[in-house]
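Results of the structural survey
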2 protein chains.
Amino acid sequence: MDVMADQAVAKRARGLDRAFEILDYLRLRREPANPNEIASQIGAPRSSVYELVGLLLRQGILEHVDGEGRVYLGRKLFFLGNAYEEHYDFTRECDRVLEGLATETRETAQFCMLDGNKYAVVRMREGARPFRISSDIGRPVPIPWTASGRLLIADMSDSEILDFVPREDFRLPDGSWLDPMAFIGEARAAARTGVFTFDSIVDSFTRCFAVAVPGMGRRCIATVCLVAPRDDGVRNHDRYIDALKAAAVRLGSIGIPKP
Amino acid sequence: MDVMADQAVAKRARGLDRAFEILDYLRLRREPANPNEIASQIGAPRSSVYELVGLLLRQGILEHVDGEGRVYLGRKLFFLGNAYEEHYDFTRECDRVLEGLATETRETAQFCMLDGNKYAVVRMREGARPFRISSDIGRPVPIPWTASGRLLIADMSDSEILDFVPREDFRLPDGSWLDPMAFIGEARAAARTGVFTFDSIVDSFTRCFAVAVPGMGRRCIATVCLVAPRDDGVRNHDRYIDALKAAAVRLGSIGIPKP
DNA sequence: TGTGCATGTCCACAATAACAGACATCGAAA
DNA sequence: TTTCGATGTCTGTTATTGTGGACATGCACA
């Protein structure tokens, strides 16, 4: 019985969801933390977090790392991830393809997919340069910030895209606002050719080349990308695109799980 | 109000525990399954499993794999496992060491640890033979069945060991019964030298060599092993042990997470 | 010595999640 | 055709659990 019925009434979170919030927090933090800190960072009740951390420790999903208190992702996650990797063993072929791309172009090659409603690098091979360019594996990045992002949402309708991509992800790292319809326009154009290239909007010195990897009856379930210094990128545009297209063909024929 | 108070009264399982039961079931099965089948195999109520599978799908922890119904481990597990691997990046050095062992001895080299109260191969490098010997990564095996098992429980007291190792794990694959005290005796002897060698009891043609990797103030947090055909094993015993000891020294100096 | 903050434990209670079981399909076998 | 099993959905009920908050430390600093 509440006067403000539509107000969010401090809903109780489900244990499972909280648990995976904890895991994701640790994953993104990439460093151990104690339950107290986890609770305050993810905005969850301390008592809940203490209980859940206890359960996850018992399961081997988390591990004590310190003398005391601090916990981090546990070995069982490693085993589970391993089983995933083995089942969809596209990773082997994928690494071979990236290896070929990286040696051929001397640029950093990446294999990217969606992770929920974000973009993430799944596999990477750094280029053969004195100063190498690289990204974190698995770190979620707003879709509109990336070249691949234009391709990965190719099969959605306009309204699906607008529902799928969080509103705030159209705010670019430099603070400027990317009009969602402009983004969709770029995505539509990219979908036609299966290629998208631009000067990266997450920094000021790289140029990104993304090519769609089709599969499972969809136009783009993943992308292969090159990340190059801008001048090299401009100079070698055609060569890079050709290399990526060949790589995408190779990757398109192996079994990649659908996003 | 129950007449039989000490009887297990069909306890309701916790969602989190059920969820990880599901994940482990899929991991060990190493193949997709539909919720119905999962429920019957792990002995859980169908309605619960359907709900949990739904939640895990939303989290990206499970993925639909089929046209319909069947699910398997999802990409998020891959990312989580990746973060674990990166944090404890002993895997890199570990692989190098195993590579060295495998080329030097031409036998299959393994890096093993405890997974809960079981033994599991964490990394492996197959030997350079026409017929290679290998194991599944991450598959839990009863501790008493393995050479490494003798070493991995080195720091426990007798009663801790008896509590830790499930009673039924002393039943060997050939049906014979390994006396727990005999096992402990072997373990104590092995702990003194840090070495254990025997003709494998899980098959009839291999000989196993295990050497303890100490760390974190404990005598054995992991093992390095060679799995060889019996005749080769006998012939090269000393050479293999020496190689393993050198490998263990290298591994002991890198940061390995405690079990 | 007192004050404040960070850490961890414990408890009681409402909210709700796990469960049993009914129901609805669908395809294959009889 | 009926029957059966396998699959998935939807309830209502009740045992459980997530939560707020009290309590207990211990440490740093004034």
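Summarised in this report is the structure supplied together with it. (Residues numbered from 1 in each chain as written. Chains lettered and ligands numbered in written order. Predicted model: local features only at pLDDT ≥ 70, side-chain atom pairs only at ≥ 80, totals over all residues. Heavy atoms only, no water.)

1. Let's talk about the interface of chain A and chain B
Rule in force here: What makes two residues a contact is simply this: any of their non-hydrogen atoms within 4.5 Å. In this description, buried area is defined as the sum, over both parts, of the accessible area (probe of 1.4 Å) that is lost when the two are combined. For this document, the term salt bridge refers to a Lys or Arg side-chain nitrogen within 4 Å of an Asp or Glu carboxyl oxygen. Polar contacts, as used here, are pairs of N or O atoms within 3.5 Å; protein pairs need one atom able to donate a hydrogen and one able to accept it. Residues neighboring in sequence count only if both atoms are side-chain atoms.
On the side of chain B, 50 residues touch chain A, which itself brings 50 residues to the contact. Both sides of the chain A and chain B interface together cover about 4600 Å² of buried area, and 61% of this is carbon and sulfur. Run the count over chain A and chain B and you get six salt bridges. A:Asp24 serves as the salt-bridge partner of B:Lys76, at 3.2 Å between the closest nitrogen and oxygen. Linking chain A with chain B are 10 residue pairs in polar contact (both at pLDDT 80 or more), by the criterion used here.

2. Describing the protein's contact with DNA strand D
Heads up, the condition is: Note on definitions. A residue lies near a molecule or strand when any single heavy atom of the residue is within 4 Å of it. Only runs of H or I of at least four residues qualify as helices and only runs of E of at least two qualify as strands under DSSP, and these elements are numbered from the N terminus. Each residue gets one label: Ala, Val, Leu, Ile, Met, Phe, Trp, Tyr, Cys and Pro are nonpolar, Asp, Glu, Lys and Arg are charged, and the others, such as Gly, are polar.
Residues in contact with DNA strand D amount to 19 residues; listed here are only the nearest, A:Arg12, A:Ser48, B:Asn36, B:Arg46 and B:Tyr50. Sugar and phosphate atoms form 56% of the subset of DNA strand D atoms that lie within 4 Å of the protein. With respect to DNA strand D, the side chain of B:Arg12 contributes an N or O atom lying 3.5 Å from a base oxygen. At 3.0 Å from a phosphate oxygen of DNA strand D is found a side-chain nitrogen or oxygen belonging to B:Arg14. Counting only elements with at least two residues in the surface near DNA strand D, the list comes to helix 1 (15–29) and helix 3 (46–59) of chain A together with helix 2 (35–42) and helix 3 (46–59) of chain B. Here the element with the most residues in the surface near DNA strand D is helix 3 of chain A; it accounts for four residues. Broken down by class, the residue content of the surface near DNA strand D amounts to four nonpolar, seven polar and eight charged.

3. Some thoughts on the sheet that holds strand 6 (residues 195–199) of chain A
All names here are of chain A. What counts is decided by this rule: Strand pairing requires that DSSP identify at least two bridges connecting the strands. To get an axis, a line is fitted to the C-alpha atoms, and for a helix only the part in contact is used. The angle between two axes follows their N-to-C directions and goes from 0 to 180 degrees.
On the basis of which strands lie adjacent, the open sheet formed by six strands has the order 5-4-3-8-7-6 and antiparallel pairing. The sheet terminates laterally at strand 5 (141–142) and strand 6, the two strands that pair on one side only. In terms of strand pairing, strand 6 meets strand 7 (residues 206–215) through five bridges, oriented antiparallel. Bridging from a neighbouring strand, Val195 pairs with Val211 of strand 7. Against the sheet, helix 5 (residues 90–105) makes contact with strand 3 (108–115), strand 4 (118–125) and strand 8 (218–229), and its axis sits at roughly 70 degrees relative to strand 4, the strand it touches most.

4. Here's the deal with the pattern of salt bridges
The condition that has to hold: Only protein chains enter the accessibility calculation, which uses a 1.4 Å probe; a residue is then buried when its area is under 20% of its type maximum, exposed when over 50%, and partly exposed in between.
Summed over all chains, the structure comprises 47 salt bridges over all chains. Measuring nitrogen to oxygen at the nearest pair gives 3.3 Å for the salt bridge that ties A:Arg18 to A:Glu21. Linking A:Arg18 with A:Glu21, this pair stays in helix 1, spanning three residues, or about one helical turn. By relative accessible area, which is 32% here, A:Glu21 ends up partly exposed. The salt bridge partner of A:Glu99 is A:Arg125, with a shortest N-O separation of 2.2 Å. Separated by 26 residues along the polypeptide, A:Glu99 in helix 5 and A:Arg125 in strand 4 bring together distant segments of the chain. One connected set of salt bridges, linked through shared partners, spans A:Asp24, A:Arg27, A:Asp115 and B:Lys76.

5. Here we look at helix 10 (residues 237–252) of chain A
All names here are of chain A. Put simply, the rule reads: One fewer than the residue count of a helix, multiplied by 1.5 Å, yields its expected span. Directions from the helix axis toward the C-beta atoms define the arc.
Between its first and last C-alpha atoms helix 10 spans 22 Å; for 16 residues at 1.5 Å apiece the expected length is 22 Å, and the two agree. Looking only at helix 10, the buried set comprises Tyr240, Ile241, Ala243, Leu244, Ala247, Ala248 and Leu251. Taken end-on, helix 10 shows its buried residues confined to a sector of 160 degrees, consistent with a single buried face. What points out from helix 10, more than 90 degrees from its buried face, is the exposed set Asp238, Asp242 and Val249.

6. Comments concerning the pairing of strand 7 (residues 218–229) of chain B
In the case of a regular strand, side chains alternate between the two sheet surfaces. Residues and elements named next belong to chain B. Judged by how many residues are buried, strand 7 sits mostly within the fold: 10 of 12 residues are covered. For strand 3 (residues 108–115) and strand 7, the ladder comprises five bridges, and the chain directions are antiparallel. Within strand 7, the residue paired with Thr108 across the bridge is Val227. Relative to strand 7, strand 6 (residues 206–215) runs antiparallel, the two being bridged by nine bridges. Looking at strand 7, one finds that Val213 is bridged to Ala222. Counting the residues that bridge the hairpin from strand 6 to strand 7 gives two residues, and of these Met216 lies at a positive phi of roughly 50 degrees.

7. Examining the sheet that holds strand 7 of chain B
All names here are of chain B. Read across the sheet, five strands follow the order 4-3-7-6-5 without closing on themselves; strand pairing throughout is antiparallel. Edge positions in the open sheet fall to strand 4 (118–125) and strand 5 (195–199), since each of these has one partner strand only. Sheet twist, expressed as the average angle between the axes of neighbouring strands with direction ignored, equals 25 degrees. In this fold helix 5 (residues 90–105) packs onto strand 3, strand 4 and strand 7, with an angle of close to 70 degrees to the strand it touches most, strand 4.

8. A short note on the relation of the copies chain A and chain B
What counts is decided by this rule: Least-squares superposition of the copies uses the C-alpha atoms of those residues scoring a pLDDT of at least 70 in each of them.
The operation relating chain A to chain B is a screw motion whose rotation component is 180 degrees, with 0.1 Å of axial translation and a residual RMSD of 0.1 Å. The superposition operator between the copies reduces to a two-fold rotation axis. Closest approach to the rotation axis within chain A is made by the C-alpha atom of A:Gly81, at a distance of 2.3 Å. Of all interface residues in chain A, 100% are interface residues in chain B too; the two copies therefore contact each other through one and the same surface.

9. As for the protein's contact with DNA strand C
Neighbouring DNA strand C are 18 residues; A:Asn36, A:Arg46, A:Tyr50, B:Gly15 and B:Ser48 lie closest to it. Across the atoms of DNA strand C situated within 4 Å of the protein, the share located in sugar and phosphate is 57%. Elements that contribute at least two residues to the surface near DNA strand C include exactly helix 2 (35–42) and helix 3 of chain A together with helix 1 (15–29) and helix 3 of chain B.

10. A closer look at empty space enclosed by the protein
Which entries qualify depends on this criterion: The way it works is a 1 Å grid over only the protein atoms, where trapped points that fit a 1.4 Å probe form a cavity and open points with protein on both sides within 12 Å along at least five of seven lines form a pocket, and then any residue with an atom within 4 Å of a point lines it. Grid points are joined across faces, edges and corners, and a volume is the space filled by probe spheres set on the points.
Under the definition given, this model contains one cavity of 30 Å³ or more. What the largest cavity holds in volume is close to 40 Å³. Forming the walls of the largest cavity are A:Phe78, A:Gly81, A:Asn82, A:Glu85, B:Phe78, B:Gly81, B:Asn82 and B:Glu85. Counting residues per element, the ones that place at least two in the lining of the largest cavity are helix 4 (75–87) of chain A together with helix 4 (75–87) of chain B. For the lining of the largest cavity, the per-class residue count stands at two nonpolar, four polar and two charged.

11. Some remarks on helix 4 of chain B
All names here are of chain B. Between its first and last C-alpha atoms helix 4 spans 19 Å; for 13 residues at 1.5 Å apiece the expected length is 18 Å, and the two agree. Counting buried positions along helix 4 yields 10 of 13 residues, so the element is predominantly enclosed. Every buried residue of helix 4 is listed here: Arg75, Lys76, Leu77, Phe78, Phe79, Leu80, Gly81, Asn82, Ala83 and Tyr84.

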